[in-house]
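The chain contents come next:
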Amino acid sequence: MIEIKNISKSFGDRKVIDDVSFTFEQGKTNLIIGESGSGKTTIMKLMVGLHEIDCGEILYDGQNFPTLGVKEKQEVRKKIGMLFQGGALFDSQTLEENVRFPLDMFTDMTKEEKLDRVNFCLDKVQLTNRNNLYPGELSGGMKKRAALARAIANNPQYLFCDEPNSGLDPKTSIVIDNLIQSLTKEFNITTVVITHDMNSVVEIGEKILYIYKGKPWWTGNSQDILKTTNPELVDFVFASGFMKEVFNAVNKK
Amino acid sequence: MKLFFHLGRYFILIKRVFSKPEKLSVYVRQIVHEIDNIGISSLPIIAIISFFMGGVITIQSAFGFTSPLVPLYAVGYTARESMLLEFSPTIVCLILAGKIGSNIASEIGSMRITEQIDALEIMGINSAGYLILPKILAGVFIMPFLIALSMFLGIFGGYVMGIATGACSSYEYIFGIQAFFEPWKLYYSFTKVITFAFLITSISSYFGYYTQGGALEVGKSSTAAVVYSSILILIFNFLLTQLFLT
Ligand SMILES: Nc1ncnc2c1ncn2[C@@H]1O[C@H](COP(=O)(O)OP(=O)(O)O)[C@@H](O)[C@H]1O
Ligand SMILES: [Mg+2]
């Protein structure tokens, strides 16, 4: 479980995150949704300490992360898996080396055990037998999936995914969403997913935080969101005509 | 004031670079990789430059020493002294600052802008140590060998070209390169090389590591890395020369 309490962040004199509190629950896929530029990535980076918060608390199972020492922070981070918006794969390493990297660094597994684990993870993201490709040889969607494989390699306790299915085709998107959700359930992970894909929201949104211009605008789950009357959220959810039709069809029944 | 900002941040970075590695075996693998990357790949350019510069220095000094008072072996002596004291340790290091410096800064810089460094940090890895320490150690280890090779090839180039152009005879040149040899001067030269190796690798890593923005800024970092490494090489060349030769 990760709790954020009253966190704020300014870049220069622009307040990007304004007094956000939320509880990301263990064993659930917690979503952060919002328009692009609303501050979703910033919240995630604040949570993992890539940006420093101006004020507030970030509690990892009760431990206030920003106040920890360097060593203690590293211990928490070893339990974090993160999928960056752009993938952030290591360009100089093959897919296998990328996925194996956290294992090399933090485990005493044998070569065979590591290879098994790498193949298992690559298999999960449907990149079986692509071990020896370099990131430069992959499409955007494949990079995302490979990055997800790396994020889950060392059995993280906290999983952060920044737009895991942007740039993916709808079919692969669903596979990735389902994968994230099943991992979350199977290993009881605290999962935080940023998305603006309404399909994912409805599919896997067990707990949702809607951010509007850096402020926590609405919270709820995937059922509540379709009944929302919050004007900004309605705008966001029903931005596409398709969603509107789906909604009307559902309501008529 | 900008200077103090950079200096402060540089020393803080260096302190992080030299903190205890997470996993020794991974670091050792990285060092081997960097020795290849920094050292072996620089061999051809060093070989060509040293050979020809040695040759030209020899021809020039033979051309200059027309007085009957100057013994003919002075040509070999001059070639040796120039290569050993200044050309190989300083000029070749300046050239390496261009090659290695831009390479390191752009590599680390592009890792920064594509969030690869953030990815390392998230995993709980000291990214400064992981990325920079192997480069510094590899540079400090391999550059003395590169420079020793440069010295040898420079003197050899002088011999080949000196004989080929008739600037001096084989006997005189070989006598000259052995004349009045003072071993402590090698100590001076290699102190310079090790210092410069540290400067090039650490300064270039610094500029790469603190790149902000996009591809354009990676280019700027890479230029800054070369410029500042070169300037500091010149400053330290002066300081060390004062220290050793006066
Ligand atoms: N390092 C930074 N420095 C300055 N401004 C930033 C930085 N990172 C993000 N921002 C600004 O913060 C706002 C929110 O960005 P971000 O969290 O990336 O949005 P989202 O992920 O929701 O699309 C944007 O207006 C962006 O310009
Ligand atoms: Mg974002």
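Residues numbered from 1 in each chain as written. Chains lettered and ligands numbered in written order. Predicted model: local features only at pLDDT ≥ 70, side-chain atom pairs only at ≥ 80, totals over all residues. Heavy atoms only, no water.

> Explain the overall build of chain A to me, and be specific about the residues and the numbers.
Helix and strand counts for chain A come out as ten helices and ten strands. Its C-alpha atoms give chain A a radius of gyration of 18 Å, within 12% of the compact-globule value 18 Å for 253 residues. Projected onto the principal axes, the alpha-carbon positions of chain A cover approximately 55 × 45 × 35 Å. A total of 253 residues make up chain A; the buried ones form 51% of that total. Contacts in chain A between residues at least 24 apart in sequence constitute 64% of all its contacts with a sequence separation of at least 6. Within the structure as shown, chain A displays about 11500 Å² of accessible surface, and the carbon and sulfur contribution to it stands at 48%. (Helix = DSSP H or I, 4+ residues; strand = E, 2+ residues; numbered from the N terminus. Rg over C-alpha atoms; globule rule 2.2 N^0.38 Å. Buried < 20%, exposed > 50% of the residue type's maximum accessible area, 1.4 Å probe, protein only. Contact = heavy atoms within 4.5 Å. Areas by Shrake-Rupley, 256 points an atom, 1.4 Å probe, with all protein chains shown as cover.)

> Can you explain the interface of chain B and chain A? Please cite residues and give values.
Each side of the interface is counted separately: chain B has 18 residues, and chain A has 25 residues. Counting the surface lost from both chain B and chain A, the interface buries some 1900 Å², and carbon and sulfur atoms represent 60% of this. At the surface where chain B touches chain A, the tally comes to four salt bridges. Where D104 of chain A meets R29 of chain B, a salt bridge forms, and the shortest distance between an N and an O atom there is 3.7 Å. Those elements giving two or more residues to the side of chain B that touches chain A turn out to be α2 (24–39) and α5 (116–122) of chain B. Tallied by class, residues from the side of chain B that touches chain A come to eight nonpolar, four polar and six charged. (Buried area = accessible area lost by both parts, 1.4 Å probe. Salt bridge = Lys/Arg side-chain N within 4 Å of Asp/Glu carboxyl O. Nonpolar A, V, L, I, M, F, W, Y, C, P; charged D, E, K, R; others polar.)

> So what's going on with the coordination of the magnesium ion (ligand 2)? Which residues, and what values?
Metal coordination angles in their ideal form are 109.5 degrees for the four-donor tetrahedron and 90 or 180 degrees for the six-donor octahedron. Residues and elements named next belong to chain A. Within the protein, the atoms that donate to the magnesium ion (ligand 2) are T41 (OG1) and Q85 (OE1), at distances of 1.9 to 2.6 Å. Here T41, found in helix α1 (residues 40–48), pairs with Q85, found in the loop between β6 (80–83) and α3 (95–106); they are 44 residues apart in sequence, far enough to count as distant. Using a relative accessible area of 35% as the deciding quantity, one classes Q85 as partly exposed. (Donors = N, O, S within 2.8 Å, 3.2 Å for Na, K, Ca; no water.)

> Give a detailed account of the pattern of salt bridges, specifying residues and quantitative values.
Counting across every chain of the model gives 21 salt bridges over all chains. Ionic pairing is found between K185 of chain A and E206 of chain A, a salt bridge with its closest N-O pair at 2.8 Å. Placement of K185 of chain A in helix α6 (residues 170–186) and of E206 of chain A in the loop between α7 (198–204) and β9 (207–212) is noted, with a sequence separation of 21 residues between them. Overall, the relative accessible area of 41% leaves K185 of chain A in the partly exposed class. What makes E206 of chain A partly exposed here is its relative accessible area of 24%. When salt bridges with common partners are traced through the structure, they connect E96, R100, D104 and K114 of chain A together with R29 of chain B into a single cluster.

> Got a sec to walk through the site of ligand 1? Specific residues and values, please.
Residues and elements named next belong to chain A. In the vicinity of ligand 1, the contacting residues are F11, R14, V16, E35, S36, G37, S38, G39, K40, T41, T42 and H51. Between R14 and ligand 1, the recorded distance is 2.7 Å, taken from a side-chain N or O atom to an oxygen atom. Contact distances for ligand 1 include 3.0 Å between an oxygen atom and a backbone N or O atom of G39. About the coverage of ligand 1: the protein hides 63% of its 560 Å² of free accessible area. Residue assignment for the shell around ligand 1 shows that the elements contributing at least two residues are β2 (14–24) and α1. When the residues that make up the shell around ligand 1 are grouped by side-chain class, the tally is two nonpolar, seven polar and three charged. (Near = heavy atom within 4 Å. Polar contact = N/O pair within 3.5 Å; in protein donor to acceptor, adjacent residues only side chain to side chain.)

> Which residues make up the packing of aromatic side chains, and what are the values?
All names here are of chain B. In this structure the tally under the stated criterion is 25 aromatic pairs over all chains. With 5.9 Å between their ring centres and 75° between their planes, Y10 and Y206 make a pair best called edge-to-face. Note that Y10 is positioned in helix α1 (residues 2–17) and Y206 in helix α8 (residues 184–209), a separation of 196 residues in sequence. A single burial state applies to Y10 and to Y206, both of which are buried. Ring pairs connect the aromatic residues Y10, F11, Y206, F207, Y209, Y210 and Y228, which therefore count as one cluster. (Phe/Tyr/Trp six-rings, centres within 6.5 Å; stacked < 30°, edge-to-face > 60°.)

> Outline the pairing of strand β10 (residues 215–220) of chain A, supporting the account with residue identities and numerical values.
All names here are of chain A. As paired elements, β9 and β10 share five bridges and run antiparallel to each other. What sits directly across from Y210, in β10, is W218. Hairpin remark: β9 followed by β10, antiparallel, with two residues in the connecting loop; positive phi at K213, about 50°. (Pairing = 2+ DSSP bridges.)

> Tell me about α6 of chain A, residues and numbers included.
Residue and element names in this part refer to chain A. Its 17 residues place the ends of α6 24 Å apart at the C-alpha level, agreeing with the 24 Å of an ideal helix rising 1.5 Å per residue. Looking at the packing, one finds that the buried side of α6 touches β3 (29–33), α4 (111–124), α5 (140–153), β7 (158–162), β8 (190–195) and α7. Backbone geometry just downstream of α6 places N188 in the positive-phi region, at approximately 55°. (Expected span 1.5 Å × (residues − 1).)

> Give a description of the sheet that holds β7 of chain A that names residues and reports values.
All names here are of chain A. If you trace the six strands from one edge of the open sheet to the other, you get β6-β7-β8-β3-β9-β10, paired in mixed fashion. Single-partner strands in this sheet number two, and they are β6 and β10. Taking each pair of neighbouring strands and ignoring which way they run, the sheet shows an average axis angle of 15°. Inspection of the sheet shows β7 paired to β8 by five bridges, in the parallel sense. Bridge pairing in β8 links F160 to V192. (Axes fitted to C-alpha atoms, helices over the stretch in contact; angles between N-to-C directions.)

> Report on the domain arrangement of chain A, specifying residues and quantitative values.
All names here are of chain A. Taken domain by domain, chain A holds domain 1 (2–79 + 156–252) and domain 2 (90–149). For domain 1 and domain 2, the distance between their C-alpha centres works out to 25 Å. Tallying the contact residues gives 13 residues for domain 1 and eight residues for domain 2. Roughly 900 Å² of surface becomes buried between domain 1 and domain 2 when both sides are summed, with 75% attributable to carbon and sulfur atoms. Inspection of the region where domain 1 meets domain 2 yields zero salt bridges. Connecting domain 1 to domain 2 are two residue pairs in polar contact (both at pLDDT 80 or more). Mapped by element, the contributors of at least two residues to the side of domain 1 that touches domain 2 are β7 and α6. (Domains from an automatic or database assignment.)

> Give me the lowdown on the environment of A179 of chain B, citing residues and values where you can.
Residues and elements named next belong to chain B. Positionally, A179 belongs in the loop between α7 (170–178) and α8. Linking A179 and A47, residues 132 residues apart in sequence, is a C-alpha distance of 25 Å. If we skip the residues at most four places from it in the chain, A179 touches Y73, Y77 and R80.

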